[in-house]
Amino acid sequence: MAAGLGLEALIPFAAGHEIMRQRKRGLTLIGPISDMLFDQLIGAGCANRVRAAWVGNVITGSGYNFRQAAESGGLRVEDHSNLTLAMALKAAALGVPFLPVRTALGSDLFSTNPGLKRFSCPFSGNQLAAVAAIRPDVAIIHVQRADEHGNAHAWGNLGVMRDACLAAQKVIITAEEIVPPEVITSDPNRVLTPGFRVSAVVHAPWGGHPSPVPGYYNRDHQAFLEYRNRSQTAEAFASWQQDWVESVFKTEDYTRRLGRERMEALKLKHHLYSEPVDYGY
């Protein structure tokens, strides 16, 4: 499962929490940074393998569930840099078995990552690294808006979202808004992935919280600090999970727990719009 593909923004927390509620098991988590969503999925027992560049809490540092699982041997870790993971998804998106890079040479990533191999360039003889393609079973993406067919608009830092959508066998999209198809077709260059590649689209307002969603709400620093304080032990994490995951069944439950005052503080106060474009011909 690939998620957290927009780096520090547009992380599909609502989808991840539903996976926790459904007690999914044996997942391989794929993503460059993932923020604390991967830490939560690991703490809930959903994952036994991670293929990532970093797992933790973007504000406070390492994730406690991740560290405890990795140190105990209960979690297999395939170490990547942000670039090797991006190239692995790019290779799968292109339909090739690997891509050659200069990155990772001289590092110890090769010791934990069987998808990295040194080889000599057949043209120059220079030493390169081959990054094996990663083809996720599913990519879960949070976006600003989508139509009912799964055609989606996203903006801001997209990270590796586009390549992950092309690389994955299935794509699930959660969206702040469901809009008419003509809204999407009015700006075709902003389409993240075509609807025929999407298996499901879900209306999920505040579905990226506590990560920021450009144009909708800012990062909730308080949530990251709260999670740090409530995830240091298995017992503390179980209490957090009960409050924020197991007791939440729909968007209204989540926003009610957040509270109107907190939501208003997170909503954007200063909007900065791009210049319009003309698609006429």
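Below is a summary of the structure that appears in this document.

Parameters at a glance
Residues numbered from 1 in each chain as written. Predicted model: local features only at pLDDT ≥ 70, side-chain atom pairs only at ≥ 80, totals over all residues. Heavy atoms only, no water. Helix = DSSP H or I, 4+ residues; strand = E, 2+ residues; numbered from the N terminus. Rg over C-alpha atoms; globule rule 2.2 N^0.38 Å. Buried < 20%, exposed > 50% of the residue type's maximum accessible area, 1.4 Å probe, protein only. Contact = heavy atoms within 4.5 Å. Areas by Shrake-Rupley, 256 points an atom, 1.4 Å probe, with all protein chains shown as cover. Pairing = 2+ DSSP bridges. Axes fitted to C-alpha atoms, helices over the stretch in contact; angles between N-to-C directions. Expected span 1.5 Å × (residues − 1). Core = buried A, V, L, I, M, F, W, Y, C linked by side-chain atoms within 4.5 Å. Phe/Tyr/Trp six-rings, centres within 6.5 Å; stacked < 30°, edge-to-face > 60°. Lys NZ or Arg CZ within 6 Å of the ring centre and 35° of its normal.

A few words now on the overall build of the chain. The helix and strand tally for the chain stands at ten helices and twelve strands. Here the C-alpha radius of gyration of the chain, 19 Å, is about what a compact globule of 281 residues would show, namely 19 Å. Principal axes of the C-alpha set define a box for the chain whose edges measure 60 × 60 × 30 Å. Here the chain holds 281 residues, and the buried ones make up 48% of them. Taking contacts inside the chain between residues at least 6 apart in sequence as the whole, the part at least 24 apart equals 70%. Taken as a whole, the chain presents about 13,600 Å² of accessible surface, with 53% of it coming from carbon and sulfur.

Read from one edge of the open sheet, three strands run β6-β8-β7, paired in antiparallel fashion. Here the strands that pair on one side only, and so sit at the sheet edges, are β6 (98-101) and β7 (116-120). Strand-to-strand twist across the sheet, computed as the mean angle between neighbouring axes with direction ignored, equals 35°. Bridge analysis of β7 against strand β8 (residues 127-132) gives five bridges, and the strand direction is antiparallel. Each bridged residue has a counterpart across the sheet, and for Arg 118 the counterpart in β8 is Ala 129. Sheet contacts for helix α4 (residues 82-94): β6, β7 and β8; angle to β6, the most-contacted strand, approximately 140°.

Direction of pairing for strand β9 (residues 138-146) relative to strand β11 (residues 170-178): parallel, over a ladder of eight bridges. Residue pairing in the sheet places Ala 146 in a bridge with Ile 178 of β11. Where β11 meets strand β12 (residues 200-203), four bridges bridge the pair, whose relative direction is parallel. Looking at β12, one finds that Ala 175 is bridged to His 203.

Attention shifts here to α4. Across its 13 residues, α4 extends 18 Å between first and last C-alpha, which sits within 8% of the 18 Å expected from 1.5 Å per residue. Burial in α4 covers these residues: Thr 84, Leu 85, Ala 86, Ala 88, Leu 89, Ala 91 and Ala 92. Buried positions along α4 lie against β1 (27-31), β2 (47-52), β6, β7, β8 and α5 (161-167). Gly 95, located one to two residues past α4, shows a positive phi value of around 75°.

Turning next to the nonpolar core. Counting residues in hydrophobic clusters, the biggest one holds 79 residues, and the most contacted among them are Met 1, Leu 5, Leu 29, Leu 41, Ile 42, Ile 141 and Val 143. Setting aside residues no more than four positions away along its own chain, Val 143 makes contact with Leu 10, Ala 152, His 153, Ala 154, Met 161, Ile 173, Thr 174, Ala 175, Glu 176 and Leu 192.

With that settled, consider the packing of aromatic side chains. Two numbers describe a pair of aromatic rings. These are the distance of the centres and the angle of the planes. Counted under the stated rule, the structure contains six aromatic pairs. Ring plane angle 80° and centroid distance 6.0 Å describe the contact between Phe 98 and Phe 119, whose orientation is recorded as edge-to-face. Residue Phe 98 is found in strand β6, and its partner Phe 119 is found in strand β7; the two are separated by 21 residues along the sequence. By relative accessible area, which is 37% here, Phe 98 ends up partly exposed. Geometrically, the ring pair formed by Tyr 227 and Trp 240 is edge-to-face, given 5.0 Å between the ring centres and 75° between the ring planes. Of the two residues, Tyr 227 sits in helix α7 (residues 221-229) while Trp 240 sits in helix α8 (residues 234-246), which places them 13 residues apart along the sequence. An identical accessibility class is assigned to Tyr 227 and Trp 240; each is buried. Among the aromatic residues, those joined into a ring-pair cluster are Tyr 227, Phe 237 and Trp 240. Sitting over the ring of Phe 110, Arg 118 keeps its end group 3.8 Å from the ring centre. The ring of Trp 244 has Arg 257 sitting right over it, with the charged end atom 5.4 Å from the ring centre.

Just distances and angles here, no functional claims.
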